[in-house]
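Each chain, letter by letter, is given below.
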Amino acid sequence: MAAGPARAAEQDEDRDPGAESRLQAGFDATIGKDQRIEPRDWMPEGYRRTLVRQIAQHAHSEIIGMQPEGEWITRAPSLRRKAILFAKVQDEAGHGLYLYSAAETLGADRADLTERLISGRQKYSSIFNYPTPTFADVGVIGWFVDGAAICNQVPLCRSSYGPYARAMVRICKEESFHQRQGYELLLTMMRGTQAQRAMVQDAVDRWWWPSLMMFGPPDGDSPNSAASMAWKIKRHTNDELRQRFVDMTVPQAEKLGVTLPDPQLRWNEKRGRHDFGTPDWSELKRVIAGDGPCNDERVARRTAAHEDGAWVREAAAAHAAKQAARAQARTHEGAAA
Ligand SMILES: [Fe+2]
Ligand SMILES: [Fe+2]
């Protein structure tokens, strides 16, 4: 997983003992001026490792995140809903691919990242370990989960690492469509029958707390946050983003006519923000550790898809080798002529 440019810089250090502090000063100055770090630039090893971990976890979440809603593609209630859902799930695949590419610019190997995901050594967002028993879940995932993703990801468009920040710009535009399609689906269901309204409320009750957990543990219990903030990889803390999500969602819930399942949720005039209850952090820890309702199912399906795709990877590699051999033969012919 060695980044080419970073390695080259390390070799330079061997020749010149003052080099590392100069490189570090240059890096600090770039961050200080709010400019971007690019793949060719020197970067501290901790910065690179933190980014690889964050981007890989983000990419894995996009790919695993296709599963809970993907289950509804064949059962969508109309052609229109099927087309929307298809487009949304396909977008998530695209997000995963951009992000794996961004991780590759840091020297990570895509096959290695996939291996780490299916062997459980790298994580994905805990939210995708919850089941989707009704079609209202599709709407609530769009509204809450993509809504939370927007809160998390809009600030990442200004992340200090160039390829990550640029990937986020397009991803956020698509997340915005995802959020709206979910909310629009729920508005339609709320205008329907009593059974449909009950189905929406039930999905809201099940997804609200896991959605708040998407922002990660509370700030006091988030060991990597301080470094990520200093490096401007992250721009806001977990608790700030969670508060922003709650404030954004409460008026939307009122308009929709559903109740958010938190008796402590109320407007705080003095703070100009909502007060809300504390998520069950032991549940988050349990789900991250692999003991959520669908962890095994999600990883098993990803593993099966990876194994089923082996022939495609082999064929692509054989094709690339053949093309390279032909190109080389042409070069030799040209040189001989
Ligand atoms: Fe996405
Ligand atoms: Fe999305």
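Residues numbered from 1 in each chain as written. Chains lettered and ligands numbered in written order. Predicted model: local features only at pLDDT ≥ 70, side-chain atom pairs only at ≥ 80, totals over all residues. Heavy atoms only, no water.

Per an unreviewed UniProt entry, the protein is named Ring-1,2-phenylacetyl-CoA epoxidase subunit PaaA, and its organism is Actinacidiphila yanglinensis.

A.B. asks: Run through the coordination of the iron ion (ligand 2), naming residues and quoting values.
C.D. replies: Ligation of the iron ion (ligand 2) by protein atoms is provided by Glu-92 (OE), Asp-146 (OD), Glu-175 (OE) and His-178 (ND1), these donors lying 1.9 to 2.2 Å from the ion. Note that the iron ion (ligand 2) binds 4 donor atoms; their angles at the metal cover 90 to 157 degrees, and the shape is irregular. The distance between the iron ion (ligand 2) and the iron ion (ligand 1) comes to 3.4 Å, with Glu-92 serving as a donor to both metals. Note that Glu-92 is positioned in helix 5 (residues 79–104) and His-178 in helix 8 (residues 162–190), a separation of 86 residues in sequence. On the accessibility criterion, His-178 (0% relative accessible area) is buried. (Donors = N, O, S within 2.8 Å, 3.2 Å for Na, K, Ca; no water. Tetrahedral: all angles 85-135°; square planar, octahedral: opposite > 155°, others 65-115°. Helix = DSSP H or I, 4+ residues; strand = E, 2+ residues; numbered from the N terminus. Buried < 20%, exposed > 50% of the residue type's maximum accessible area, 1.4 Å probe, protein only.)

A.B. asks: Hey, could you go over empty space enclosed by the protein for me, with residue numbers and the actual values?
C.D. replies: On inspection of all chains with the given rule, the structure shows 1 cavity of 30 Å³ or more. Each pocket or cavity is described by its volume, and for the largest cavity that value is around 30 Å³. Among the secondary structure elements, those contributing two or more residues to the lining of the largest cavity are helix 5 and helix 8. The element best represented in the lining of the largest cavity is helix 5, accounting for 3 residues. Across the lining of the largest cavity, the residue classes break down as 5 nonpolar, 1 polar and 1 charged. (1 Å grid on protein atoms, 1.4 Å probe; cavity = no way out; pocket = protein on both sides within 12 Å on 5 of 7 lines; lining within 4 Å. Points joined across faces, edges and corners; volume = space filled by probe spheres on them. Nonpolar A, V, L, I, M, F, W, Y, C, P; charged D, E, K, R; others polar.)

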